[in-house]
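Structural features, examined
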Amino acid sequence: MSVRSLIDKGKRAVGPVISVLLFTVAAWVLYHELKGVRLHQILQAINGITGARVLGAVGVTALSYGIMSCYDVLALRYVHHALPYRKIGLASFVGYTLSNNVGLSMIAGASVRYRLYSAWGLSTEEITKVVVFCSLSLWLGFFFLGGTVFTAFPPVFPTSVHVPLGSVRVLGAVMLAVVLGYFLVIRLRKTPVTIKEWEFEPPSLPLTVFQIAVALLDWLLAAAVLYLLLSAFEPIPFSRFMEFYLMAQLLGLASQVPGGLGVFETVMVLLLSSFHPAQQVFAALLVYRLIYYWMPLIVAVVLLGGHEYAEHQALFRRFGILLGKWVSPILPMALGIAVTLGGMILLFSGATPAIEYRMQLLKPVLPLSLIELSHFIGSLVGMGLILLGRGIQRRLDAAWVLTLLLLAVGIVASLMKGLDFEEASILALIVLAMLPVRGQFYRKASLFSERLSGGWIAAILVAVGASVWLGLFSYRHVAYRHDLWWRFSFNGDAPRFLRASVGVTVTALLFAVARLLRAAPPRGFRTAEGLPEGIEEIVLHSPYAAANLAFLQDKRFLFDEGKTAFIMYGVFGRSWVAMGDPVGPETAWPELIWEFKRLANRFGAKAVFYEVAHRNLHYYLDVGLTLLKLGEEARVPLTEFSLEGSRRKALRYIHRKLEQQGCGFQILTEKDVLSEMAVLQEISDAWLLEKNTREKRFSLGNFNPSFIRRFPVAVVRHEERIVAFATIWKSAEKRELTVDLMRYRPEALPGIMDYLFIEMMLWGREQGYRWFSLGMAPLAGVESRSNAPLWHKIGGLVTIFGDHFYNFRGLRQYKHKFAPVWRPKYLACPGGFALPRILTDVVSLTSGGIKGVLMK
């Protein structure tokens, strides 16, 4: 592994490591702050929060999430793209619900917005601007509110918290200065702000005012939910509460712990210690976490599942065969988080005492051994669900089956270990959300082959650590002795927690060991002696003629597990560029695409797919890639091709004229190609010299005798002398022919290539082939209108000014005279700020390096 890869891995690990450390410190501080508090005191405090206050908190939470949708409303107005509010509301609610629970890394719900908004017609540039606008609005509101509070009403910290008052005022002044600086930029700057390759026009002053107003209302409502719950005990001035709330939120967001879990609670307990007993503050925080964070997440998952199910039904009624191809890719991510949350609920339940009167109801019905077993199994199921959450997010079919099985076991265990109807209901809701979307989980990969990101590992450690902390806190009054491990009784909650904790820890360790001992993942490779075994057989059975690019021997190969399909790719810079769609049975494609992306990410590279067909775009959307239109492929239907009729008058004239001048057509067999190789080489060299160009590679063949001899070669003879040739690629099932190298002598008759194409198409029709591909016209169909996406504008400029390097418009016009069917081709790759570098790598790879880009 290279030093750069190690450095990149180290950088990626810094955030998760800091998150785990901060959570550990916060848990330790909170444990000591609650040293005089028993669990039953917290439960009594929770019971002290009246139902009216809980309903009020739920109502304010609903209003808060409704206000959050205004971020997206304003952002779409900023990018001048209108959408119905029902779509905006769905994207906003799901995005903010997930980001609130996952943490700072997804604070604007960027991935959710991309998945939904791209399906609703927004370009990558527009979605990027929406994400930036929403993130900026959120922080502007926080900085304005926090700056005002910290400067004018600095919080008076308890004596146990040693924070100089002056430093808080300085922090507030800095926050206000940031907001003021933003207003100055909006007011004075008339030109767009450029961040790398992206341009952001400053919003209008009224839009900016609305930005901050919405953000202020959002933060005030979020705080009002907790204030309403905390006021059940003894009200404190709202202004003083806001000081503490904003400080806790700032530290929670900065920690990057998912949802600020633990950090936010610890700071609030510390800061409110002068006003409320710790058990009351902690009770209010637990209810707040449930109402403001977890309940909306469950609603979002169920809502999204219902939305997708309804969408599928509509697709089935309208299109039938297209059912399931254009479903939203964010559902597995939402379900993955929900499954992880379900596992955390089971872990937390196993770490806390059962409700006494419910245990008394179970006592005459179930034997003690079954209750003990249910408690232990429930905790193991919780750990299993947390580990399966990543597999659900990655669409593994085995993860879907195992998750449903564990959820069912968890429901039964929850009821048998203490009649926990609440957690059983939550697990049942997750089951209902997963059942209608079985088709989303199609990957056959092993659960141990999926890479766990640093953030996911940190989330697992935080979840397990939180459950252990909760258990230690719940039973801190219990004297821990050796015989406690083997004590079994209906009231033996502490022994049950100890045994369950060991089981959870062992399960996590076994999972880690299984991952460490798993077989090394397959790598792409090539050999000096020839092609990898199996390549030729797969290509010969492929219905796509472009599969013959595998014979160039300039690519690496990644096979599926059964070696029935492969991806051919090249590496340039930090991009792994796959040439076209996978080759082989389409059933193997989804897992191959996922595996290719996973391997590229493992080595710190970007997975890119070059010239993929429009009918396969859903595979690349599923793995989270951005789509850019490269151009259009010209395909002539051979069953309809002839030289008859007025439409073919020009072609008929050229064909007849060249025949009268003594030209003839011939298909060279392999033996004939060998005997004429020197002549073909002479023509190729003369053509390259006359065109002042060099051999391309990767996406096009080049003149290599060992490569040329594999294919039929069409030649035109003038007075028995070969003056032009083209190599022909065939596909299985006589589906299509395509032409690769096309070269002719500088002194050849005008129209010689037209004659060659006409004869190849007539020959292909006689042989029974259905299509003849003329190749792609780069940037064809990429329009540069004022409201077009940024990539289309760039493409339009290249089309206009790039004819020195490549005759874009002339190439499309030339191919158009054969009356082809135009089919779009796309580049699938990561979007955002990485895009310019990826495009440079792709062009360099296909042109033979940077030098090839600058030469014809």
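Keep in mind the model is a prediction, meaning the values are calculated, not measured. (Residues numbered from 1 in each chain as written. Predicted model: local features only at pLDDT ≥ 70, side-chain atom pairs only at ≥ 80, totals over all residues. Heavy atoms only, no water.)

Right, let's get into empty space enclosed by the protein. In this structure the tally under the stated criterion is two cavities of 30 Å³ or more. In this model, the second largest cavity occupies a volume close to 100 Å³. When residues of the lining of the second largest cavity are traced back to their parent elements, those giving at least two are helix 12 (331-350), helix 17 (454-474) and helix 18 (493-516). The element contributing the most residues to the lining of the second largest cavity is helix 18, with five residues. Classifying every residue of the lining of the second largest cavity gives seven nonpolar, five polar and no charged. (1 Å grid on protein atoms, 1.4 Å probe; cavity = no way out; pocket = protein on both sides within 12 Å on 5 of 7 lines; lining within 4 Å. Points joined across faces, edges and corners; volume = space filled by probe spheres on them. Helix = DSSP H or I, 4+ residues; strand = E, 2+ residues; numbered from the N terminus. Nonpolar A, V, L, I, M, F, W, Y, C, P; charged D, E, K, R; others polar.)

What follows deals with the environment of glutamine 393. Considering the arrangement of structural elements, one finds glutamine 393 in helix 14 (residues 368-393). Sequence spacing of glutamine 393 and glycine 336 is 57 residues, and the spatial spacing of their C-alpha atoms is 4.8 Å.

Where helix 22 (residues 649-660) contacts helix 25 (residues 752-767), the two axes come as close as 9 Å, and the packing angle between them is 105 degrees. The orientation of helix 22 relative to helix 25 falls into the category roughly perpendicular. Residues Leu651, Ile654, His655, Leu658 and Glu659 of helix 22 touch helix 25, and the partners they reach there are Ile752, Asp754, Tyr755, Ile758 and Glu759. Here the residues of the contact of helix 22 with helix 25 sort into six nonpolar, one polar and three charged. (Axes fitted to C-alpha atoms, helices over the stretch in contact; angles between N-to-C directions. Parallel < 35°, antiparallel > 145°, perpendicular 65-115°, else oblique. Contact = heavy atoms within 4.5 Å.)

Turning to its location among the elements, arginine 717 is positioned in strand 9 (residues 713-718). Of the polar contacts made by the side chain of arginine 717, one reaches the side chain of glutamine 666; its length is 2.7 Å. A distance of 3.4 Å separates the side chain of arginine 717 from the side chain of glutamate 676, its partner in a polar contact. If near-sequence neighbours (up to four positions away) are discounted, arginine 717 is found in contact with Gly662, Cys663, Gly664, Gln666, Leu668, Glu676 and Ile722. (Polar contact = N/O pair within 3.5 Å; in protein donor to acceptor, adjacent residues only side chain to side chain.)

Sheets are built from strands paired through backbone hydrogen bonds, the pairs being either parallel or antiparallel. The sheet built from eleven strands is open, its strands ordered 3-4-5-6-13-7-12-11-10-9-8 with mixed pairing. One side of each edge strand has no neighbouring strand; the edge strands of this open sheet are strand 3 (556-559) and strand 8 (663-668). Strand-to-strand, the axes of this sheet are offset by a mean angle of 30 degrees, without reference to chain direction. Across the sheet, helix 20 (residues 589-602) touches strand 3, strand 4 (566-572), strand 5 (575-579) and strand 6 (606-613), and the angle it forms with strand 6 is around 145 degrees. Contacts from helix 23 (residues 670-691) reach strand 8, strand 9, strand 10 (721-730) and strand 11 (736-744), with the element oriented near 105 degrees to strand 10. (Pairing = 2+ DSSP bridges.)

What follows concerns the confidence of the model for the protein chain. Per-chain confidence: the protein chain averages 76 in pLDDT, with 73% of residues scoring 70 or above. Scored below 50 in pLDDT, residues 104-108 shows 14 contacts in the model against residues more than four places distant or in partner chains. (pLDDT = per-residue confidence, 0-100.)

On to the packing of helix 15 (residues 397-418) against helix 16 (residues 421-434). Orientation of helix 15 relative to helix 16, taken along the N-to-C sense of each, is 160 degrees, at an axis distance of 8 Å. Looking at the two axes, helix 15 sits roughly antiparallel to helix 16. Pair helix 15 / helix 16 crosses with left-handed handedness. Only Phe421, Glu423, Ala424, Leu427, Ala428, Ile430, Val431 and Met434 of helix 16 make contact with helix 15, whose side of the interface consists of Trp400, Thr403, Leu404, Leu407, Gly410, Ile411, Ser414, Leu415 and Lys417. Partitioning the contact of helix 15 with helix 16 into residue classes produces twelve nonpolar, three polar and two charged. (Left-handed = near helix turned anticlockwise from the far one by under 90°.)

Where strand 3 lies against strand 4, four bridges are found, and the strand directions are antiparallel. The residue bridging phenylalanine 557 from the neighbouring strand is methionine 568, located in strand 4.

This next bit is on helix 15. Taking 1.5 Å per residue as the helical rise, helix 15 with its 22 residues ought to reach 32 Å, and the 32 Å between its terminal C-alpha atoms agrees with that figure. Among the residues of helix 15, Asp397, Ala399, Trp400, Thr403, Leu404, Leu407, Gly410, Ala413, Ser414, Lys417 and Gly418 are the ones counted as buried. Leucine 419, located one to two residues past helix 15, shows a positive phi value of around 50 degrees. (Expected span 1.5 Å × (residues − 1). Buried < 20%, exposed > 50% of the residue type's maximum accessible area, 1.4 Å probe, protein only.)

Let us look at the packing of aromatic side chains. On inspection of all chains with the given rule, the structure shows 34 aromatic pairs. Arranged with centres 6.2 Å apart and planes meeting at 85 degrees, the rings of phenylalanine 707 and tryptophan 729 form a pair that is edge-to-face. Within this pair, whereas phenylalanine 707 is found in helix 24 (residues 705-708), its partner tryptophan 729 is found in strand 10, the two being separated by 22 residues in sequence. On the numbers, 6.5 Å between centres and 90 degrees between planes, the contact of phenylalanine 757 with phenylalanine 772 is edge-to-face. Taken together, the residues phenylalanine 757 in helix 25 and phenylalanine 772 in strand 12 (residues 771-778) connect sequence positions 15 residues apart. (Phe/Tyr/Trp six-rings, centres within 6.5 Å; stacked < 30°, edge-to-face > 60°.)

Attention now goes to unusual backbone geometry. For histidine 80, which is not glycine, the phi dihedral falls at a positive 60 degrees. The phi torsion at lysine 734 lies on the positive side, around 50 degrees, for a residue other than glycine. Relative to the helices and strands, lysine 734 resides in the loop between strand 10 and strand 11.

Grouped together as the largest cluster of nonpolar side chains are 112 residues, with contacts concentrated most on Tyr117, Leu226, Phe241, Tyr245, Met268, Tyr288 and Met434. Once you skip the residues sitting within four places of it in the chain, leucine 226 turns out to touch Phe241, Tyr245, Phe264, Met268, Ala284, Leu285 and Tyr288. In terms of nonpolar packing, the next biggest core, distinct from the first, is built from 34 residues, Ile654, Val716, Ile728 and Phe772 among them. (Core = buried A, V, L, I, M, F, W, Y, C linked by side-chain atoms within 4.5 Å.)

So, about the pattern of salt bridges. Taken as a whole and assessed by the stated rule, the structure comprises 15 salt bridges. Here arginine 289 ties to glutamate 265 by a salt bridge, and the two come within 2.7 Å at their closest N and O atoms. Taken as a pair, arginine 289 in helix 11 (residues 278-318) and glutamate 265 in helix 10 (residues 263-271) lie far apart in primary sequence, 24 residues in all. Grouping residues by exposure puts arginine 289 and glutamate 265 together as buried. For arginine 717, the salt bridge identified is with glutamate 676, shortest N-O distance 3.4 Å. Highlighted residues: arginine 717 in strand 9 and glutamate 676 in helix 23, separated in sequence by 41 residues. Among the ionic contacts, a cluster of salt bridges with common partners joins Glu633, Arg635, Glu736 and Lys825. (Salt bridge = Lys/Arg side-chain N within 4 Å of Asp/Glu carboxyl O.)

Here we take up the environment of alanine 283. Mapped onto the secondary structure, alanine 283 falls in helix 11. In sequence terms alanine 283 and isoleucine 42 are 241 residues apart; their C-alpha atoms lie 5.5 Å from each other. Excluding residues within four positions of it along the chain, alanine 283 makes contact with Ile42, Ala45, Ile46 and Ile49.

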